[in-house]
Amino acid sequence: SSGINAEYGGTTTVESNPNANYLESRYFWVAYTASVCFLHLICSCAPFISVSTGWLFTLNIHNIGNFLVFHYLRGSPFGGGDQGEARLLTHWEQINHGKQWTNTRKFLIIFPAILFILCQHYCHYDLEVLLLSTPSFLLQFIPKQPFMHAKRLFGINQY
């Protein structure tokens, strides 16, 4: 299911889907990490925000954004020539053509987990922070697991 062969006058294949390719770059990993650090800087520099609140905002904004980008949005936002083959797939399902446990997927699973642990540590393992941060962490963590690949819960994002 790699699409129409370009050699016969067709368009590009799924292998050239920009949704999947840019995530494999180590430069993306650096930019992703830097953008989360910048987000944390913004969240923690406001004069009325405590350290705990800054970490909580950083974590929750990251996790909700991560869920929306990787697990809710479908198709190819770059208008790739995939002839609509990716229209029913989420961004996460397109990464590495659905192959599980690749380096890219491991990075995108481990990074939020480390961010969650850092948040808990710098908030001194406060129960309130744990209760406010765990749902957003699970919201983006559970859909990344192999048993959830191509699953749609409660009919959300089904069509």
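A quick note: this is a predicted structure, and the numbers were derived from the prediction, not measured.

The rules we used
Residues numbered from 1 in each chain as written. Predicted model: local features only at pLDDT ≥ 70, side-chain atom pairs only at ≥ 80, totals over all residues. Heavy atoms only, no water. Helix = DSSP H or I, 4+ residues; strand = E, 2+ residues; numbered from the N terminus. Buried < 20%, exposed > 50% of the residue type's maximum accessible area, 1.4 Å probe, protein only. Contact = heavy atoms within 4.5 Å. Expected span 1.5 Å × (residues − 1). Core = buried A, V, L, I, M, F, W, Y, C linked by side-chain atoms within 4.5 Å. Patch = residues over 30% accessible without salt bridge, like charges linked within 9 Å, V, L, I, M, F, W, Y side chains within 5 Å. Areas by Shrake-Rupley, 256 points an atom, 1.4 Å probe, with all protein chains shown as cover. Salt bridge = Lys/Arg side-chain N within 4 Å of Asp/Glu carboxyl O. Bend = angle between axes of the 7 residues up to and from the residue.

Caption draft 1: Geometry of the overall build of the protein. Assigned secondary structure in the protein consists of six helices and zero strands. Along the protein, from the amino end to the carboxyl end, the secondary structure elements read α-α-α-α-α-α. For the protein, the residues scored as buried account for 36% of the 159 residues in total. When contacts within the protein are restricted to residue pairs at least 6 apart in sequence, those whose partners lie at least 24 apart make up 63%.

Caption draft 2: Fine view of the environment of I61. Along the chain, I61 falls in helix α3 (residues 51-72). Once the C-alpha coordinates of I61 and V36 are considered, the two residues, 25 residues apart in sequence, prove to be 9.6 Å apart. What I61 contacts, discounting residues up to four positions off in sequence, is L39 and C43.

Caption draft 3: Local environment of α3. With 22 residues, α3 extends 30 Å between its outermost C-alpha atoms, agreeing within 8% with the 32 Å of an ideal straight helix rising 1.5 Å per residue. Within α3, burial applies to G54, W55, L56, T58, L59, N60, H62, N63, N66, F70 and H71. Structurally, α3 contributes buried residues whose contacts are with α2 (26-45), α4 (91-94), α5 (103-122) and α6 (127-141).

Caption draft 4: Examining the side chain of N63 more closely. Within the fold, N63 resides in helix α3. Those residues in contact with N63 that sit more than four places away from it in its chain are P112, S136, F137 and Q140.

Caption draft 5: Quick look at the nonpolar core. The biggest cluster of nonpolar side chains holds 21 residues, and the ones touching the most others in it are Y32 and L108. Broken down by element, the residue count for this core peaks at seven residues, all from α5. Once residues within four sequence positions are removed from consideration, L108 is found in contact with F28, Y32, F70, W92, I95 and K144.

Caption draft 6: Representation of unusual backbone geometry within the structure. Of note, the phi angle at N96 is positive, near 50 degrees, even though the residue is not glycine. Judged by its relative accessible area of 13%, N96 falls in the buried class. With a phi angle near 55 degrees, H97 is a residue other than glycine that sits in the positive phi range. Tracing the backbone through its elements, the reader meets H97 in the loop between α4 and α5. Taking relative accessible area as the criterion, H97 reaches 45% and is therefore assigned partly exposed.

Caption draft 7: A look at a nonpolar patch on the surface. Among the surface-exposed residues, I64, L68, V69, Y72, L73 and L139 lie close enough to one another that they form a single nonpolar patch of about 500 Å² accessible area. In terms of residue count, α3 provides more of the nonpolar patch than any other element does, four residues in total. Positionally, I64 belongs in helix α3. Take I64: its relative accessible area is 43%, and that puts it in the partly exposed class.

Caption draft 8: View of α6. The terminal C-alpha atoms of α6, which comprises 15 residues, lie 20 Å apart, in line with the 21 Å expected from a rise of 1.5 Å per residue. Taken as a whole, α6 carries its principal kink of about 30 degrees at S133; the proline P135 stands between one and four residues after it. By the burial criterion, the buried members of α6 are V129, S133, S136, F137 and Q140. Contacts made by the buried residues of α6 are with α3 and α5.

Everything listed is a geometric property; what it means functionally is a separate question.
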